[in-house]
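# Residue-level structure breakdown
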Amino acid sequence: MKNRVLLLLGILIIIVAIVLVFMYYKSNYKISDFTIINESDKIEDAKKYGDNVVGWLRVEGTNIDLPLIMIDDDTDVLNGKYQFAWTNSIPDGTGNRPAYISHNVRNVSSNPIVGDDTMNYFEQLMSFIYPDFIKDNQFIEFTDSKGDTNIYRVYAVALLNDDQNASFMDTYTSEEQSRYIKQSKRESMYDIDVDVKEDDLMLTLFTCTRFYGASNSYSFRVDARKLREGEDKIYAKVKTNENYEKIKERMEEGESNEKA
């Protein structure tokens, strides 16, 4: 009888412990419902415009849902027949850090607009400039040139003077990757609790911005790495850092400094 009571007590303690762990996990960690969608039909449809379609891209929390193309001498990046993002490299499925660019025609003020579904191309990429947005939107669906689709998680966001040269090369050595990871985290306006290693597959998204004025050639850059095997889509903890302070100051100046 005594052993039976002890056994039941032990089971009760285990159940209570499991419930407490679950409650702690649920209150401290939020899992994204952003999932992979088969984009093969969309990719085939986009080929009708004559460009070299090499994949597809979706970004959580935005209306970015468009084909990826490789440009050549005949490509017109101002083609208004459809929306797309492009790379200057030659993607063959073996690259470890592809970079894609797309237009940001309208979302250029010092207070970027969020949630306007009439926006096109990468205009909604600027949503990541807001801390409240990135806390609940951190994942990207990327289909590469081989048709493999995976989820990537954002680990750095930066607004800086960048010529987007990264779009001309998508294969880097371990040393180059390691150096870039340190640089992108250093330049990021957020400290994002995401571990990144040189052997991770990465992805960089660029768009132009006139956040600091029409005469400046700044880029808005979002860096992500591929979700590892068995890794849950748990939103990482995010906090602004000193890089965000000058951005915040610019926002507080208001939109009167620039007319889009």
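Above this text sits the structure in question.
All of these numbers come straight from a predicted model, not from anything done at the bench.

## Some thoughts on the overall build of the protein
Along the backbone of the protein there are five helices and ten strands. Along the three orthogonal principal directions, the C-alpha set of the protein runs to about 85 × 45 × 40 Å. Residue pairs in contact within the protein that sit at least 24 positions apart in sequence constitute 68% of those at least 6 positions apart. Surface accessibility of the protein: about 14000 Å² in total, with carbon and sulfur atoms responsible for 51%. Positive and negative charge centroids in the protein, built from 31 and 44 side chains respectively, lie 8 Å apart.

## A short note on the packing of aromatic side chains
If you walk through the whole model with that rule in mind, you get eleven aromatic pairs. A connected cluster of aromatic rings, assembled from ring pairs, spans Tyr49, Tyr82, Phe84, Trp86 and Tyr121. Over the ring of Tyr172 we find Arg97; its NZ or CZ atom is 3.7 Å from the centre of that ring. In this structure, Arg97 packs its charged tip against the face of Tyr180, placed 3.6 Å from the ring centre.

## Focus on the environment of Asp116
Structurally, Asp116 is set in the loop between strand E4 (99–102) and helix H3 (131–134). The exposure class of Asp116 is partly exposed, given its relative accessible area of 25%. Along the chain, Asp116 and Asn63 lie 53 residues apart, while their C-alpha atoms are 8.7 Å from each other.

Cut-offs and rules
Residues numbered from 1 in each chain as written. Predicted model: local features only at pLDDT ≥ 70, side-chain atom pairs only at ≥ 80, totals over all residues. Heavy atoms only, no water. Helix = DSSP H or I, 4+ residues; strand = E, 2+ residues; numbered from the N terminus. Contact = heavy atoms within 4.5 Å. Areas by Shrake-Rupley, 256 points an atom, 1.4 Å probe, with all protein chains shown as cover. Lys, Arg positive; Asp, Glu negative; His and termini not counted. Charge placed at Lys NZ, Arg CZ, Asp CG, Glu CD. Phe/Tyr/Trp six-rings, centres within 6.5 Å; stacked < 30°, edge-to-face > 60°. Lys NZ or Arg CZ within 6 Å of the ring centre and 35° of its normal. Buried < 20%, exposed > 50% of the residue type's maximum accessible area, 1.4 Å probe, protein only.

Geometry only, nothing functional implied.
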